[in-house]
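Close look at the chain arrangement
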Amino acid sequence: MKNRTLVTALPFHLGQEVTIAGWLHNLRDMKNFGFAILRDRTGLAQVVLEAAHLEQLKGLQLETVIKVIGVVKEKKSKDPNAKEVEVQCVTLEILSPVTDPVPVEIAKPDIDVQLETLLDNRVVTLRHPKQRAIFRVQAALVHGYRAYMERQGFTEIFFPILAGAASEGGAEFFKVNYYDREATLTQSAQLYKQITMGVYEGVYGLSYSFRAEKFATSRHLTEFNQFEFEVGFVDGMGEVMDHAEAVIREQIATVERDCIEELKLLNVTLPPLGAQFPRVTLKEALQLYKDEGGIDETAEPDLSPAAERWLSTEWAPKAHGSGFVFVTSYPEAKAKFYTKPDHDHPGDMFNFDLIGFGSEIISGGLRVNRYDEQIQRIKDKGLNPADFEDYLMMHKYGIPPEGGFGMGLQRLTQNILSLSNIKEATIFPRDVQRLRP
Ligand code: 4AD
Ligand code: MG
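Remember, it's a predicted structure, so these values are computed and weren't measured experimentally.

Secondary structure summary: the chain contains twelve helices and 16 strands in total. Split into buried and exposed, the 437 residues of the chain put 49% on the buried side. Here the contacts in the chain between residues at least 6 apart in sequence split such that 65% fall between residues at least 24 apart. Summed over its atoms, the accessible surface of the chain is roughly 21,600 Å², and 51% of this surface lies on carbon and sulfur atoms.

Turning our eyes to something else, we now look at the coordination of the magnesium ion (ligand 2). On the protein side, the magnesium ion (ligand 2) has Glu360 (OE) and Ser363 (OG) as donor atoms, found 2.2 to 2.4 Å from it. Judged by its relative accessible area of 33%, Ser363 is partly exposed.

Looking now at the nonpolar core. Counting residues in each nonpolar core, the largest one holds 44 residues, and the members touching the most others are Tyr145, Met149, Ile248, Ile362, Phe405, Met407 and Ile416. Among all residues touching Met407, those that are not within four sequence positions of it are Tyr145, Asn225, Gln226, Phe227, Val247, Ile248, Gln251, Ile361, Ile362 and Leu412. Judged by nonpolar contacts, the second largest core, of 19 residues, contains Leu38, Val72, Val87 and Leu92.

This paragraph deals with the side chain of Gln138. Mapped onto the fold, Gln138 is located in helix α4 (residues 129-151). On the basis of relative accessible area, Gln138 is assigned to the buried category, the value being 10%. Not counting residues up to four positions away in its chain, the partners in contact with Gln138 are Leu409, Gln410, Thr413 and Ala425.

This next bit is on the side chain of Gln194. You can see Gln194 is positioned in helix α5 (residues 190-195). By relative accessible area, Gln194 is classed as buried at 0%. Setting aside chain neighbours within four positions, we find Gln194 in contact with Glu230, Tyr338, Arg367, Val368, Tyr391, Met394, Ile399 and Glu402.

Okay, the site of ligand 1 next. Lining the immediate surroundings of ligand 1 are 23 residues, of which Gln190, Arg211, Glu213, Leu221 and Glu360 lie closest. Note that a nitrogen atom of ligand 1 is positioned 3.0 Å from one of the side-chain N or O atoms of Ser188. The separation between a nitrogen atom of ligand 1 and a polar side-chain atom of Glu213 is 2.8 Å. Summarising the interface, the protein chains cover 94% of the accessible area of ligand 1, which totals 620 Å² for the free molecule. Placement of ligand 1 is best described as lying within the largest pocket.

For the rest of this paragraph, the subject is the environment of Gly236. Tracing the backbone through its elements, the reader meets Gly236 in the loop between β11 (223-232) and α6 (237-258). On a C-alpha basis, the gap between Gly236 and Val48 in space is 64 Å, while along the polypeptide they are 188 residues apart.

Next up on the list: the packing of helix α8 (residues 282-291) against helix α9 (residues 305-320). If you want to describe how two helices pack, look at the angle between their axes and the distance between the axes. Axis separation between α8 and α9 bottoms out at 10 Å; the angle between their running directions is 80°. By the angle class used here, α8 and α9 are roughly perpendicular. Side by side, α8 and α9 meet where Ala285, Leu288 and Tyr289 of the first sit next to Ala306, Ala307, Trp310, Leu311 and Trp315 of the second. Split by residue class, the contact of α8 with α9 holds eight nonpolar, no polar and no charged.

Let's shift gears to the packing of aromatic side chains. Summed over all chains, the structure comprises 14 aromatic pairs. With 4.2 Å between their ring centres and 35° between their planes, Tyr145 and Phe227 make a pair best called tilted. Taken as a pair, Tyr145 in helix α4 and Phe227 in strand β11 lie far apart in primary sequence, 82 residues in all. The exposure class assigned to Phe227 is buried, which follows from its relative accessible area of 0%. Each ring, one from Phe337 and one from Tyr338, has its centre 5.4 Å from the other, and the planes form 80°; the classification is edge-to-face. The pair formed by Phe337 and Tyr338 is uniform in burial state, with each residue classed as buried.

The next point concerns the pattern of salt bridges. On inspection of all chains with the given rule, the structure shows 28 salt bridges. Ionic pairing is found between Glu84 and Lys75, a salt bridge with its closest N-O pair at 3.4 Å. Note on Glu84: relative accessible area 38%, which makes it partly exposed. Using a relative accessible area of 24% as the deciding quantity, one classes Lys75 as partly exposed. Across the salt bridge formed by Glu230 and Arg367, the nearest N and O atoms sit 2.8 Å from each other. With Glu230 in strand β11 and Arg367 in the loop between β15 (359-366) and α10 (371-380), this pair connects stretches of sequence that are 137 residues apart. Each member of the pair, Glu230 together with Arg367, is buried. One continuous salt-bridge network, built from bridges that share partners, spans Glu116, Asp120, Lys423, Asp431, Arg434 and Arg436.

Cut-offs and rules
Residues numbered from 1 in each chain as written. Chains lettered and ligands numbered in written order. Predicted model: local features only at pLDDT ≥ 70, side-chain atom pairs only at ≥ 80, totals over all residues. Heavy atoms only, no water. Helix = DSSP H or I, 4+ residues; strand = E, 2+ residues; numbered from the N terminus. Buried < 20%, exposed > 50% of the residue type's maximum accessible area, 1.4 Å probe, protein only. Contact = heavy atoms within 4.5 Å. Areas by Shrake-Rupley, 256 points an atom, 1.4 Å probe, with all protein chains shown as cover. Donors = N, O, S within 2.8 Å, 3.2 Å for Na, K, Ca; no water. Core = buried A, V, L, I, M, F, W, Y, C linked by side-chain atoms within 4.5 Å. Near = heavy atom within 4 Å. Polar contact = N/O pair within 3.5 Å; in protein donor to acceptor, adjacent residues only side chain to side chain. 1 Å grid on protein atoms, 1.4 Å probe; cavity = no way out; pocket = protein on both sides within 12 Å on 5 of 7 lines; lining within 4 Å. Sits in = over half its atoms within 2 Å of the grid points. Axes fitted to C-alpha atoms, helices over the stretch in contact; angles between N-to-C directions. Parallel < 35°, antiparallel > 145°, perpendicular 65-115°, else oblique. Nonpolar A, V, L, I, M, F, W, Y, C, P; charged D, E, K, R; others polar. Phe/Tyr/Trp six-rings, centres within 6.5 Å; stacked < 30°, edge-to-face > 60°. Salt bridge = Lys/Arg side-chain N within 4 Å of Asp/Glu carboxyl O.

As far as function goes, none of this settles anything; it's purely spatial.
Next up, the structure:
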């Protein structure tokens, strides 16, 4: 729209005539005059209407799309330092009339409905400033990720979603009809990012991952995005973890820089970062949970959700001033076929999770890069090397020592904003029940 002024720019136009456009967020009819709250993508503005304008809005509902030409004036406020502005309407144009009342009230500081109702009515509830803010923060996380990776000279790759075989093994994959065959939706870009190690040495991408999760939890989706990363010619796993830590620091710095208003609106304090994210082995983590958390899970091969929460929201902030903690050396039984065994510590693997302020946000590690060893690993896992022909071709023709990680975009958003359910951090979530909107 030509000559349109956005709401946040109004204070720079004091005394001038401007054109603003947006949604009728709220309306107060005082008979001879009224106050409309106009919402655009930058914020809310009060518009003072005359009786004739109120007449134009007769029979119309909130969310009607309007265009206002008016004069920017200082808003009378109880607080003389407030320096707020409002627009005195001269002409009002209805761009898109709404005649049905909105199904969920969004013209208040918080939407107070159940999560399922919020999501059933996503088309409207997404318009609420706080809902909007969540996905502005999410976008900033992506910008920070990309900025970091580009500075390293790494290459952004767009990975396929349709594949002929399961990418991570296991049973959590979706099958789709593909002409006269069956295809699967990729669980991760794992195999593809590794293949590109034969060319680019450092790659990243924001891919889609699909998991046929059997149960609804507050941390799992059936469709989510993964920041994929892979780097070649590494000296060890520490190098991969260094990238994970540095990229998260940049992502959070980007949110702090670009989402000042959003953070204020959401009233969140981002997790502390500390000087360095602590790095502990799984054994050490379980021992800490026993000794300091008082719960003995030392016989377990993994961290329970409660242990992850304790470690990242209680132990690490207190001991290291950080809401993030790397846990390394998960046992062989839990490791994927592509994970490199630590031959100096039989039974241990070169793998890690980054637990970020509540739960796992990253899994990563070093990969098997030698052909013979990879064939053996596949067999050891009870899989058939013949099913991995394309994948094994990269080992056969040489890939460097390499490693990488995958980080869930929605999981990261959920944890840094302390949202209780991952679906709040997903713009159009899919779960066991939900495929709409
Ligand atoms: O831990 P995952 O399954 O690891 C992989 O996919 C490996 N290929 C990564 C690698 O490079 N080695 O998934 C990685 C991340 C998790 O840490 C989590 O943040 C997120 O993806 N994630 C999910 N997010 C939402 N819903 C689910 N069902 C998720 N499963 C994993
Ligand atoms: Mg994992």
